[in-house]
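So the chains spell out like this:
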Amino acid sequence: MASTPCSDAVFSEHALLCDDPQRQRPGQLRRTLFDLALIGLARGLATLWVWHNGFRAVSDDDYARTVIAQQFAAAPHWDPSGSTWLPFPFWLSGLAMRLFGPHLWVLQVLAIPCSLASALAVYLAGQWLKLERPVALLAALGAALLPHAVWLGAAVIPDGYCAALAVLGLASSTTQQLRLRVIGGGLLSTAALCRYEVWSVCAFVAALTLFDAIRQRRASLLIAAGLSLAGPLAWMLYGKLHYGEPTFFISRVASYRHMLGRSAKSLAEGLFAYPRALVCAEPELSVGIGLALPLMFDWRLPANLKRPLLGAGCLLGFLVWGNLQDGAPTHHPERPLLCVWLVGTLTAASALLHWRRRLGSKLLLLLPCVLTLTVLRSWFTRRDDFAEREQELALGRRALALLPHSPDSDAERQELLIDTGDYGYFAVITGFEQPARAFGLVDQDPRQPKLDFASDDARLRHYLRAHDSRWLVVRKSALPTLGAVGPTLAETQSLALLKVDASYLNSP
């Protein structure tokens, strides 16, 4: 009897199933489900770890975004922030709050599936790039455990899932399937309505898609190219119609950054701030990418990784240009680099598999180096501090319980006036859950004289009267200078909630 291809490889699992495609699918499905479960477990445990160690928010922006989502839940509209912040994250979080209530825990719970999906997206990107299963799995596990990916995924901000969407968009540019190209374009536009640095990826993918459409004479690819640019173009059109300038956000961000004194102090700082953060903020990943450098010179890396790598390079270049133009983020510069790091996990995983095949067990000699970097990373890795606002949140929740809720009572005014001395008032409003009834007193414009509302009776009375408010959150350190404002109803270590006496309001 003549042998068949399958009988010649009877001990191969793949060959045993090759004569029956229907029998092959369950095995592949089981392996895929196992991979996804492992990736989800890794990200879930990493998220529990950072929560156990006290992480709650990256910065006060987390609470400012929460307040905007609360406002959107109460009164939805297309531009929830009314500023340079892009709208999609508020549509998502505001919808969740509209369904389940204006509670911070709603967004914290929403962050869990978004974070898990972000880790799984790297595995999916590996599939779209046609990488080997071990490469896609190793890359996704690396992304699931990457510290900045875990932090940004656990926070109530869009940075984590925005980067994952951008990576999927880059991966889609390598496929010949129109369906995946269109999906990738839609994902990029969604990401472009979350963070501005993704716009460089949108332009890059649109250019590649247009090039492919011309080269392959496939007019249908123009749909995918148009979708890649739809988000940025829609936002610029909105800027032209409502602010009179398509790129209104550039001048506003540059002005704010310059006002805060965050401009690059030299050309060298402007050029190398982001590349330095890229290497130093995730040193273990940098070692893995370093392994890939020798492969890049003769393009022995998988060919499908070329476009994602070039797209990540465009994003990094865009950030460097923005830093020179005062248009880069004003704090936590690691946030916009997450997309580059995720592409880096795919590159590092490919390199590790290549060197594993060439060097065998000798590659284990790198393990002590990586462990040493992990132990010593705090010595050379610097980042802005994360926000710790548990006291402000607790006092906001206490104020919600104590303040009257009936709008018909003239005797008990409902507005809450907040003077925390900084942007921590957003956390108080977040805990209070009713932003329409709360007002923060803060002046962080360095061009103006520093105002201390809580030590200036006349100014404080002015604001209390202007808001017709009888409720005040103030720093406890300022209480000795305020005089007889009223009784203290609740307090934390640093803040106090007062009910203002009428005699204080009526004092000259």
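Residues numbered from 1 in each chain as written. Predicted model: local features only at pLDDT ≥ 70, side-chain atom pairs only at ≥ 80, totals over all residues. Heavy atoms only, no water.

K.L.:
Would you take a moment to explain the packing of aromatic side chains for this structure?
P.N.:
Working definition: an aromatic ring pair is given by the centre-to-centre distance plus the angle between the planes. Using the criterion set out here, one finds 17 aromatic pairs in the structure. Ring plane angle 75° and centroid distance 6.4 Å describe the contact between phenylalanine 88 and tryptophan 91, whose orientation is recorded as edge-to-face. Of the two residues, phenylalanine 88 and tryptophan 91 are both situated in helix α4 (residues 88-100); the distance of 3 residues between them amounts to about one turn of the helix. On the basis of relative accessibility, which here comes to 23%, the residue phenylalanine 88 falls in the partly exposed class. You can call tryptophan 91 partly exposed: its relative accessible area is 25%. The residue whose ring lies beneath arginine 65 is tryptophan 85, and the NZ or CZ to ring-centre distance is 4.5 Å. (Phe/Tyr/Trp six-rings, centres within 6.5 Å; stacked < 30°, edge-to-face > 60°. Helix = DSSP H or I, 4+ residues; strand = E, 2+ residues; numbered from the N terminus. Buried < 20%, exposed > 50% of the residue type's maximum accessible area, 1.4 Å probe, protein only. Lys NZ or Arg CZ within 6 Å of the ring centre and 35° of its normal.)

K.L.:
Teacher, can you tell me more about the sheet that holds strand β2 (residues 438-440) here?
P.N.:
Hydrogen bonds between backbone atoms are what pair the strands of a sheet, whose relative direction is either parallel or antiparallel. The mixed open sheet is built from 5 strands, whose spatial order is β2-β1-β3-β5-β4. What marks the edges here is a single partner per strand, and that holds for β2 and β4 (488-491). Going across the sheet, the axis of each strand differs from the next one's by a mean of 20°, ignoring polarity. The pairing of strand β3 (residues 471-475) with strand β5 (residues 495-499) spans 5 bridges and is antiparallel. Bridge pairing in β5 links valine 474 to alanine 496. Against the sheet, helix α19 (residues 425-432) engages β1 (416-419), β2, β3 and β5, with an angle of about 150° to β1. (Pairing = 2+ DSSP bridges. Axes fitted to C-alpha atoms, helices over the stretch in contact; angles between N-to-C directions. Contact = heavy atoms within 4.5 Å.)

K.L.:
For this particular structure, what's the right way to read a negative patch on the surface?
P.N.:
A surface patch of like charges, here negative, comprises Asp384, Asp385, Glu388 and Glu390. With respect to the secondary-structure elements, glutamate 390 resides in helix α18 (residues 390-402). (Patch = residues over 30% accessible without salt bridge, like charges linked within 9 Å, V, L, I, M, F, W, Y side chains within 5 Å. Areas by Shrake-Rupley, 256 points an atom, 1.4 Å probe, with all protein chains shown as cover. Salt bridge = Lys/Arg side-chain N within 4 Å of Asp/Glu carboxyl O. Lys, Arg positive; Asp, Glu negative; His and termini not counted. Charge placed at Lys NZ, Arg CZ, Asp CG, Glu CD.)

K.L.:
I would appreciate a short explanation of the environment of leucine 338 in the present structure.
P.N.:
Within the secondary structure, leucine 338 is located in helix α16 (residues 338-359). Judged by relative accessible area, which is 2%, leucine 338 ranks as buried. If sequence neighbours within four positions are ignored, leucine 338 has contacts with Leu146, Ala149, Leu152, Asp159, Gly160 and Ala163.

K.L.:
What am I meant to see in the environment of tyrosine 425 here?
P.N.:
In this structure, tyrosine 425 sits in helix α19. Of the residues examined, tyrosine 425 reaches a relative accessible area of 11% and is grouped as buried. On a C-alpha basis, the gap between tyrosine 425 and valine 442 in space is 8.3 Å, while along the polypeptide they are 17 residues apart.

K.L.:
Which parts of the structure should I look at to understand the pairing of β5?
P.N.:
Working note: regular strand, side chains alternate between the two faces of the sheet. Along β5, 4 of the 5 residues are buried, which leaves the element largely enclosed by surrounding structure. Examined bridge by bridge, β4 and β5 share 3 bridges and lie antiparallel to one another. Of the residues in β5, the one forming a bridge with threonine 488 is leucine 498. As consecutive antiparallel partners, β4 and β5 are separated by 3 residues.

K.L.:
Looking at this structure, how should I read a nonpolar patch on the surface?
P.N.:
Together, Phe34, Leu38, Leu41, Leu45 and Leu48 give the surface a local cluster of nonpolar side chains, amounting to about 500 Å² of exposed area. Relative to the assigned elements, leucine 45 resides in helix α2 (residues 21-52).

K.L.:
Is there a simple way to think about the side chain of arginine 65 in this case?
P.N.:
Inspection of the secondary structure puts arginine 65 in helix α3 (residues 60-74). Buried and without a salt bridge, arginine 65 has aspartate 159 as its closest oppositely charged side chain, separated by 5.6 Å. In this view, arginine 65 contacts Trp85, Pro89, Phe90, Ile157 and Pro158; residues no more than four positions away in its chain are not counted.

K.L.:
I'm lost on helix α15 (residues 306-324) in this one. Help?
P.N.:
Owing to its 3.6 residues per turn, the α-helix brings residues three or four apart onto one side. Given a rise of 1.5 Å per residue, 19 residues ought to cover 27 Å, and the 27 Å separating the end C-alpha atoms of α15 matches this to within 8%. Within α15, burial applies to Arg307, Pro308, Gly311, Ala312, Leu315, Leu316, Leu319, Val320, Gly322 and Asn323. (Expected span 1.5 Å × (residues − 1).)

K.L.:
Would you take a moment to explain the nonpolar core for this structure?
P.N.:
Within soluble globular proteins, side chains that are nonpolar generally end up buried alongside one another. Core analysis: the largest hydrophobic core is formed by 81 residues, its most contacted members being Val198, Trp235, Leu337, Leu338, Trp341 and Leu346. Discounting chain neighbours no more than four positions away, the residues touching tryptophan 235 are Asp79, Ser83, Thr84, Trp85, Leu86, Pro87, Leu193, Tyr196, Trp199, Phe248 and Phe249. In terms of nonpolar packing, the next biggest core, distinct from the first, is built from 25 residues, Ala64, Leu416, Ala438 and Leu497 among them. (Core = buried A, V, L, I, M, F, W, Y, C linked by side-chain atoms within 4.5 Å.)

K.L.:
Whenever I open this one, unusual backbone geometry confuses me. Can you help?
P.N.:
For residues other than glycine, phi is negative in most cases, and the peptide bonds are mostly trans. A positive phi is found at lysine 130, a non-glycine position, where the angle reads about 60°. Among the secondary structure elements, lysine 130 is positioned in the loop between α5 (104-128) and α6 (133-145). Phi angles above zero are rare outside glycine, and glutamate 433 is one such case at about 70°. Inspection of the secondary structure assignment puts glutamate 433 in the loop between α19 and β2. On the basis of relative accessibility, which here comes to 17%, the residue glutamate 433 falls in the buried class.

K.L.:
What is the right way to look at the pairing of β3 in this model?
P.N.:
By the criterion of burial, β3 is predominantly enclosed, with 4 of the 5 residues buried. Bridging between β1 and β3 involves 4 bridges; their strand directions are parallel. Residue isoleucine 418 lies in a different strand from β3, and its bridge partner there is valine 473.

K.L.:
Any chance you could explain empty space enclosed by the protein here in plain terms?
P.N.:
Rolling a probe over the atoms, with the probe sized like a water molecule, indicates the empty space that remains. On inspection of all chains with the given rule, the structure shows 5 cavities of 30 Å³ or more. Here the largest cavity is characterised by a volume of approximately 210 Å³. In terms of lining, the largest cavity is formed by 19 residues, of which the most central are Ala155, Val156, Ile157, Pro158 and Tyr161. At the level of secondary structure, the elements contributing two or more residues to the lining of the largest cavity comprise α3, α4, α5, α7 (147-154) and α8 (159-172). A total of 5 residues in the lining of the largest cavity trace back to one element, the largest contributor, which is α5. For the lining of the largest cavity, the class distribution of residues is 13 nonpolar, 5 polar and 1 charged. (1 Å grid on protein atoms, 1.4 Å probe; cavity = no way out; pocket = protein on both sides within 12 Å on 5 of 7 lines; lining within 4 Å. Points joined across faces, edges and corners; volume = space filled by probe spheres on them. Nonpolar A, V, L, I, M, F, W, Y, C, P; charged D, E, K, R; others polar.)

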